[in-house]
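Survey of secondary and tertiary structure
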Amino acid sequence: MPKKNDLEQNALQIIMETGSKGVLQSELWRKINASSREGSRISIKLESKGLIYRERELYKGRWTYRLFSKRKPITIDSIISCPCLTCAESSKCEAGGAISPNKCEKLTAWILKSVEVEKTPPGE
Ligand code: SF4
């Protein structure tokens, strides 16, 4: 029988892999070979740790939850729009210099926008 932490870790990994599609909790319990009671406990625990969020969904006439990860796998997409990649000042830009990431408005705006996108659940 798998340990509780192994089940949680497996569940979180699967939820992360489903990305913005999320996964129905019943489908997840099947994949990790957990009972619905055990699975519900895991999803509540992951949610209370701030790792996932749940959205109610009507599936085949019954209310259930779809689970989404708050963590996103790291991809090149996460930095492709960073202004530094195409900045004409990049060769002169350095910490403590006249042109610096510490005081760059373009970089600050990009970071703040990226954080907002991360905090917004899909569909909102
Ligand atoms: S921090 Fe600002 S100035 Fe420096 S390379 Fe990035 S966008 Fe350009």
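Residues numbered from 1 in each chain as written. Predicted model: local features only at pLDDT ≥ 70, side-chain atom pairs only at ≥ 80, totals over all residues.

The next point concerns the pairing of strand β2 (residues 52-59). Here eight bridges tie β2 to strand β3 (residues 62-69), and the two strands are oriented antiparallel to one another. Within β3, the residue paired with Glu-57 across the bridge is Thr-64. Between β2 and β3, which pair antiparallel one after the other, the connecting turn spans two residues, and Lys-60 there sits at a positive phi close to 50°. (Pairing = 2+ DSSP bridges. Helix = DSSP H or I, 4+ residues; strand = E, 2+ residues; numbered from the N terminus.)

Before going further, it helps to spend a moment on the packing of helix α2 (residues 25-32) against helix α3 (residues 36-48). Relative to each other, α2 and α3 sit at 110°, their axes nearing to 10 Å. By the criterion of interaxial angle, the relationship of α2 to α3 is roughly perpendicular. Residues Gln-25, Leu-28 and Trp-29 of α2 lie in contact with α3, whose contacting residues are Ser-36, Gly-39 and Ser-43. When its residues are assigned to classes, the contact of α2 with α3 shows two nonpolar, four polar and no charged. (Axes fitted to C-alpha atoms, helices over the stretch in contact; angles between N-to-C directions. Parallel < 35°, antiparallel > 145°, perpendicular 65-115°, else oblique. Contact = placed C-beta atoms within 7 Å. Nonpolar A, V, L, I, M, F, W, Y, C, P; charged D, E, K, R; others polar.)

Turning to unusual backbone geometry, a few remarks are in order. The backbone of Asn-33 sits at a positive phi, close to 60°, despite the residue not being glycine. Relative to the elements of secondary structure, Asn-33 occurs in the loop between α2 and α3. At Lys-60, a position not held by glycine, the phi torsion is positive, near 50°. If you trace the backbone, Lys-60 turns up in the loop between β2 and β3.

With 13 residues, the main nonpolar core has Ala-11, Ile-15, Leu-28, Ile-42, Ile-52 and Leu-67 as its most contacted residues. Of all the secondary structure elements, the ones that give two or more residues to this core are α1 (4-17), α2, α3 and β3. Aside from chain neighbours lying at most four places away, what touches Ile-42 is Leu-7, Glu-8, Ala-11 and Ala-34. (Core = buried A, V, L, I, M, F, W, Y, C linked by C-beta atoms within 7 Å. Buried ≥ 20, exposed ≤ 12 C-beta atoms within 10 Å, placed from the backbone.)

Note that all results are geometric; they support no functional claim without further evidence.
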